[in-house]
Amino acid sequence: MAVHWQNMSHINRNEGQKFYVTTPIFYPNAKLHMGHAYSATISDIFARYSRLLGKDTYFLTGSDENTEKAVRAAAGAGQQVFPYLDGIIGGFKNLYKRLDISYDQFIRTTDKDNHWPGVEAFWKRMVDSGDIEKRSYEGLYCVGHESFITEKDLVDGKCPDHRETPQRIKEENYFFILSRYADKIRDIIASDAIRIVPTSRKNEILALLKDGLEDVSFSRPADKMTLGIPVPGDNTQKIYVWGDALTNYLTALGFGRKDHALYDRFWPADLHVIGKDILRFHAAIWPGMLLSAGLPLPKNILVHGLITSGGLKMSKTLGNVIDPVRLIDEYGADAVRYFVARHISPFEDGDMTMDSFKEAYNAGLANGIGNLVSRILKLTSDHRVSSDLPSKEDVFADETVQSYAQSFDEFDIQKACNHIWTRIASMDREIQETQPFKLVKSADAASAARGKAILSKLYRELWIVAVLLEPIIPATAATIQGLIRSNKMPSAPLFARK
RNA sequence: CGCGGGGUAGGGUAACGGUAACCCGUCAGGCUCAUAACCUGAAAAUUGCCGGUUCGAUUCCGGCCCCCGCAACCA
């Protein structure tokens, strides 16, 4: 049976639109955990959805490597810093590969060719705006934190995390006069010029901004930072994390470099995906920096929650840590993607245990889409029934698909998934109620024809589901599409029951 | 009086001014195309507590209790 592709000449409603999505850049000293997999998967789903709509899409991820912690960790492991970092980054990239994360670029802040020129250029713009000032700073310095901590943080005069008495030291730093921009930033967020999703996070940051913003230390003495980028024109200082890390979203596109075609094409970011733990940096410091540098502001910030396990933060001591790679080994990438997409709210903390994961896997994947594919394709292939398959454009033109698209516009991946699984459930019901498996075998020609008509419709509807699944579980979506085109039932279950 | 989120059937979640929906589990039927899957039905929630607004609140307002996260350079 030939598949009739609709010609693609009619106007795609998203033609000419671009979409630039980013993940946070991750700390290389952290062991891989579900949080990394989660952020990356959410971002990837948006990137794939955007491509599915035909938008010009760019998806950035990376790592924040200029930290003393990495230096110490390397030393502890008896390794040189850069090979050590390469090893960690290899782990991230492996996780991404295993998860089918379709990133276009992985930017590393230790990358002198691609990252550093942009950071320097950005710094100079802030200096030109008169927003960078040298000040002496005195405070309590905790070696464990490698940063200043406040009196309030102390417990019995010691840092509660490291149980060390902090040193009172004084040092020269360059400061970013962020306070100047507090009002503007507040207006920008209040007016949704930068839309912060969900609204609860927007309100949270607005409440914070009501009292203004304090200036931020933007550099450290060079002798305290092994890695990192020297302040332009003053190599006794190095640029601290804000100027170095947040700028990755720009530098990766070629900002400050000769080849800035990507920057011209994609900036400003359409979506920064972040965790709630770094909201302040992205919703206060980052817009301030961009205002100072005179650059366009990102359009949306999606603030997701954290994944807990059994209601508690995952931690080694509790033994409730779920290793994403092990999970992928056992269940496959799409199972992990399915779980975080459908069973973790993109807006709030979500819970995940091995039991809840397995339950979701069996219900949604094995008994749900996997079983449905088998039962429909068994019938359509045995009875040689098929149908014309709609193009992707036509799928999205279908009225019943609008709630799916709208959910994505609201960044509500969970709702988009529910749309798909509602379709799956109603197809299961339809088969049961109309009993095409019986009709097709009927001696009565009219009944047999009716059975075939039902199968043809199911065949087509399954295709729509397979298209809608693309952003969520891309490998399975492709497999199903292939099976539909060749009208064959899977030789082995798509998702074996566990 | 720091800020935010949450407390809904045995477990997990949803909804939202008009007598609570879904998933898992339990029980009883059905179907046989399918991965012992799938479909139908049943039992099961005074929607944390107290008060208020309202014809009517799980949904709005006030107070209280409990849980979680954040608390400004710990990414």
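Residues numbered from 1 in each chain as written. Chains lettered and ligands numbered in written order. Predicted model: local features only at pLDDT ≥ 70, side-chain atom pairs only at ≥ 80, totals over all residues. Heavy atoms only, no water.

### Examining the sheet that holds strand S7 (residues 195-197)
Taken together, six strands build an open sheet; the order of strands is S3-S2-S1-S12-S13-S7 and the sheet is parallel. Two strands in the sheet have a free side with no partner beyond their single neighbour: strand S3 (105-108) and S7. Pairs of neighbouring strands in the sheet enclose a mean axial angle of 20°, with direction left out of account. In terms of strand pairing, S7 meets strand S13 (residues 300-304) through three bridges, oriented parallel. Directly across from isoleucine 196, in S13, lies its bridge partner isoleucine 301. Docked against the sheet, helix H3 (residues 81-98) engages strand S1 (18-26), strand S2 (56-63) and S3, running at close to 155° with respect to S3. (Pairing = 2+ DSSP bridges. Helix = DSSP H or I, 4+ residues; strand = E, 2+ residues; numbered from the N terminus. Axes fitted to C-alpha atoms, helices over the stretch in contact; angles between N-to-C directions. Contact = heavy atoms within 4.5 Å.)

### Quick word on the domain arrangement of chain A
Segmenting chain A into domains produces domain 1 (15-305) and domain 2 (353-486). Between domain 1 and domain 2, the C-alpha centre-to-centre distance is 42 Å. Interface area, domain 1 with domain 2, both sides summed: about 1,200 Å², of which 80% is carbon and sulfur. Area buried by domain 1 at its contact with domain 2 is led by Ile45, Tyr49 and Leu52, which between them contribute 50% of it. For the pair domain 1 and domain 2, the number of links is zero salt bridges. At the boundary of domain 1 with domain 2, the tally comes to one residue pair in polar contact (both at pLDDT 80 or more). The set of elements that each furnish at least two residues to the side of domain 1 that touches domain 2 consists of helix H1 (34-52), S7 and S13. Of the residues that constitute the side of domain 1 that touches domain 2, the class distribution is nine nonpolar, one polar and three charged. (Domains from an automatic or database assignment. Buried area = accessible area lost by both parts, 1.4 Å probe. Salt bridge = Lys/Arg side-chain N within 4 Å of Asp/Glu carboxyl O. Polar contact = N/O pair within 3.5 Å; in protein donor to acceptor, adjacent residues only side chain to side chain. Nonpolar A, V, L, I, M, F, W, Y, C, P; charged D, E, K, R; others polar.)

### A look at the packing of aromatic side chains
For any pair of aromatic rings, the description consists of the separation of the ring centres together with the inter-plane angle of the planes. Enumeration over the complete set of coordinates arrives at 30 aromatic pairs. Taken together, a centroid distance of 6.4 Å and an interplanar angle of 45° make the contact between tyrosine 20 and phenylalanine 266 tilted. Residue tyrosine 20 is found in strand S1, and its partner phenylalanine 266 is found in helix H9 (residues 261-266); the two are separated by 246 residues along the sequence. Accessibility assignment for this pair places tyrosine 20 and phenylalanine 266 in one class, buried. With 6.0 Å between their ring centres and 85° between their planes, tyrosine 361 and phenylalanine 495 make a pair best called edge-to-face. (Phe/Tyr/Trp six-rings, centres within 6.5 Å; stacked < 30°, edge-to-face > 60°. Buried < 20%, exposed > 50% of the residue type's maximum accessible area, 1.4 Å probe, protein only.)

### Brief notes about the sheet that holds strand S10 (residues 230-231)
Backbone hydrogen bonds hold the strands of a sheet together, and the pairing may be parallel or antiparallel. Strands sit in the order S9-S11-S10 across an open sheet of three strands; the sheet is antiparallel. Looking along the sheet, the strands with just one partner apiece sit at the ends: strand S9 (219-221) and S10. Both S10 and strand S11 (residues 234-239) contribute to a ladder of two bridges, which runs antiparallel. Note that in S11 the partner of proline 230 across the bridge is lysine 238.

### Describing the pattern of salt bridges
Counted under the stated rule, the structure contains 21 salt bridges. Measuring nitrogen to oxygen at the nearest pair gives 2.7 Å for the salt bridge that ties glutamate 204 to arginine 201. In this pair, glutamate 204 and arginine 201 both sit in helix H6 (residues 199-210), three residues apart, roughly one turn of the helix. Among the residues examined, glutamate 204 registers a relative accessible area of 34% and is labelled partly exposed. Salt bridges sharing common partners tie together Asp44, Arg48 and Arg337.

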